[in-house]
Each structure stands twice: as C-alpha cells, then as structure tokens.
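Summary of structural features
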Amino acid sequence: MGSNRLSFRIQADPPSRLDKAISRDAPEKASLSRTRLAKLIEEGEVWLNGAPVTSPKGKAAEGDLIEVTVPEAEESDLLPENIPLTVVYEDDHLIVIDKPAGMVVHPAPGSPTGTLANALMYHCGDSLSGVGGEKRPGIVHRIDKDTSGLLVVAKSDKAHHGLAAQFKAHSAERYYNAICYGVPDANDPRLRGVRGVSFEPGNIMKITTHLARHKTDRQRQAVYFENGRHAVTRVRIVEPFGEPPVCALVECWLETGRTHQIRVHMAHAGHGLIGDATYGGRRKLPLKSLSEPALEAVRAFPRQALHAAVLGFTHPVSGHEMRFESPIPQDMLDLMQALRG
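Not measured: the values here are computed from a predicted model.

Considering helix α5 (residues 261–268)
When you tally the buried positions in α5, you get six out of eight residues, the bulk of the element. Listing the buried residues of α5 in full gives Gln 261, Ile 262, Arg 263, Val 264, His 265 and Met 266. Buried-residue contacts for α5 involve β11 (173–181), β13 (204–213), β14 (221–224), β15 (229–241), β16 (247–254) and β17 (306–314). Positive phi appears at Gly 270, one or two residues downstream of α5, with a value of about 85°.

Spelled out as structure tokens, the structure:
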C-alpha cells in the first residue's frame, strides 16, 4: 500500500498538545482529523524536527518542522452500485443527499446491497479521501428506510469527525414534516395526563423521555423514564385535517437524535404517524370527519408519513453555516390533498 508524505511548519501560538497543533496547521487538502493524527503519532508516522514522536500529548513550538507519513486509504469491502441519487450539495469534504423513501442508509443483515452507502461508493469514487484510513462514506446520522429527506455524509476523515461532534452535541438543525393521527393541541385534556408531555408558548408540544430498545421486540424502541438515553422532541401543528379535525400535518424538530425518536415519541403522545406499521398502528377514523377517498388514502398510505425537511450544520472544514431544505415529497402531498378533500 502506498503513502503520502506531508511536510509543514507549526504556526504562531500553537495549542498545548502536539496532536492539536498538527491538526490545526496540517494542509487542508490532507483532511486529517485530530483523532486520525493521534493514531498516526502512536504508529510512529510523525516526525518533529527530524525525530519520530510517539505521544499525542507532546509539545510543539512555532517554526517546528512536522513530517507526516499518511498511508493511502485502504479499499473498503463496501460494493459500489450505480444507483441514482438526488444530490443537494457536494464538495471535497461532504455530500448532502435527498434520500427517497424505501432506501436503506447502510448495509445491514437483510439489506446487504442497494443502500445509500453503496450508491455513494459509486457516485463519489476517488473523491473519498478516507474515513479512519478506509475509503468509504462517513455516515454520521441516519434516517429510517421508509423516511424520506435530507442527510449529510462525510467524504473525508476531518469532515467525519467534525460532523459527528456536532450531532453528538445536538447542535445540528433538523426539522421534519409528519402527518399524524389526531391533533396535538394544548387544549386536549388527555395530553395533560401523558407523562413526559408538556406544552411551551405557541402551542408547541414538548416530549421529554428516555428511549431504549423494547424489552421483548429488539427491532423497536420504547419510552422509559429511568433507563435509556435522554430524548427531546418538539412538535408544532401546521395544518389540521377533517371536520372536526382528526389528523394533522405537524413540524417536528429534534433536540436529540435517537433511533426512531419522532415515531416513538409521537406514538407515546397518542399521535402516531399515519402509515407507521411499527408504532402508529392502523386506526379507525370517524366516518363523518373525512371523505371516503380521504379515509382510503389514509388506509393505503404505505410508509410512515415522515420527511426530513430541513438540515443545518456548520461546515466542518470551512466553518461556513450550511442550511438545506427539501420540499414535502409527492406521496405525502397527495395524502394531504386527499385529507383536505
């Protein structure tokens, strides 16, 4: 396997740790994260003024000569597949995709091919500079197979770590459109008795619980209040449907980003998503509230009515603020039109 040799000097006022100083001053085109550099130091691939260094915690001074041997990224066993993608934005470090419903993000048992990761391997090709030393797309967050919408994927090691840090800190902006059973309104007395549900000014429903795997069904997530991971979802009514209203288009935004979070939280509040066979159920709607075509459209909707509509983050390399929007897909628009009628 080949390698690349980088040579550069430490600039003024370096950070106290060697790995931080090298990460700051390494050429941008190398796209090396601090984690990757720390590993290279430990592997003896970094020299300071001609002498090898082995501790990321060492010191560096202004003008020090740094040399780094970067092994070429190893080929991934992830197979490239020529699958069409809707690319919203792309540069040397990352790519933003508008994923269609029905596409799995990453290979897993039962879905070894045909995934977004396979498609990205083909689309990005040689522009993948390596994530953790391997040529593969860096998946930092996921949306469910039958959820449509935006997600960002890293093409370089530095971008991967920078994006992952933002998602871990919950600083990335994520808004979803959903069509749910019922109308999550503060005037509904039932909601006052649901643990973890409260309302904020502007009739915004806030759901605060813990989430973890279901005790008996390992494919599902469940609400807990003692164990699991902290999860917060906020929900705003956009448009109610029916006379009287029995469904609603809502906007959901995540303070945290847990597996199936919106779907589980909405079901916990009694407002499961239309089409969600796992959490939403198939509910009988009042015959007098909706037309027969509307009722049939609800019964026939084939997936959870959930769309990742807005994605915002700080570019992990340039520092620029990035924000992308995806319109509601046609199948959800058709359902909304039927509900209006």
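Quick notes on the environment of Leu 333
Tracing the backbone through its elements, the reader meets Leu 333 in helix α7 (residues 330–340). Taking the relative accessible area as the measure of exposure, Leu 333 reaches 33% and is therefore partly exposed. On a C-alpha basis, the gap between Leu 333 and Pro 109 in space is 33 Å, while along the polypeptide they are 224 residues apart.

Quick look at the packing of aromatic side chains
Evaluated as defined, the whole model comprises three aromatic pairs. For the pair Tyr 89 and Phe 324, a centre-to-centre distance of 5.6 Å together with 40° between the ring planes defines the contact as tilted. Highlighted residues: Tyr 89 in strand β6 (residues 87–90) and Phe 324 in strand β18 (residues 321–325), separated in sequence by 235 residues. Aromatic ring contacts, followed pair by pair, group Tyr 89, Phe 313 and Phe 324 into a single cluster.

Comments concerning helix α4 (residues 157–168)
Between its terminal C-alpha atoms α4 stretches 16 Å, which fits the 16 Å expected from twelve residues at 1.5 Å a residue. Among the residues of α4, those classed as buried are Asp 157, Ala 159, His 160, Leu 163, Gln 166 and Phe 167. Within two residues after α4, His 170 carries a phi angle of roughly 60°, on the positive side.

Each value, and the rule that gives it
- Residues numbered from 1 in each chain as written.
- Predicted model: local features only at pLDDT ≥ 70, side-chain atom pairs only at ≥ 80, totals over all residues.
- Heavy atoms only, no water.
- Buried < 20%, exposed > 50% of the residue type's maximum accessible area, 1.4 Å probe, protein only.
- Helix = DSSP H or I, 4+ residues; strand = E, 2+ residues; numbered from the N terminus.
- Contact = heavy atoms within 4.5 Å.
- Phe/Tyr/Trp six-rings, centres within 6.5 Å; stacked < 30°, edge-to-face > 60°.
- Expected span 1.5 Å × (residues − 1).

Function cannot be inferred from these measures alone, as they are strictly geometric.
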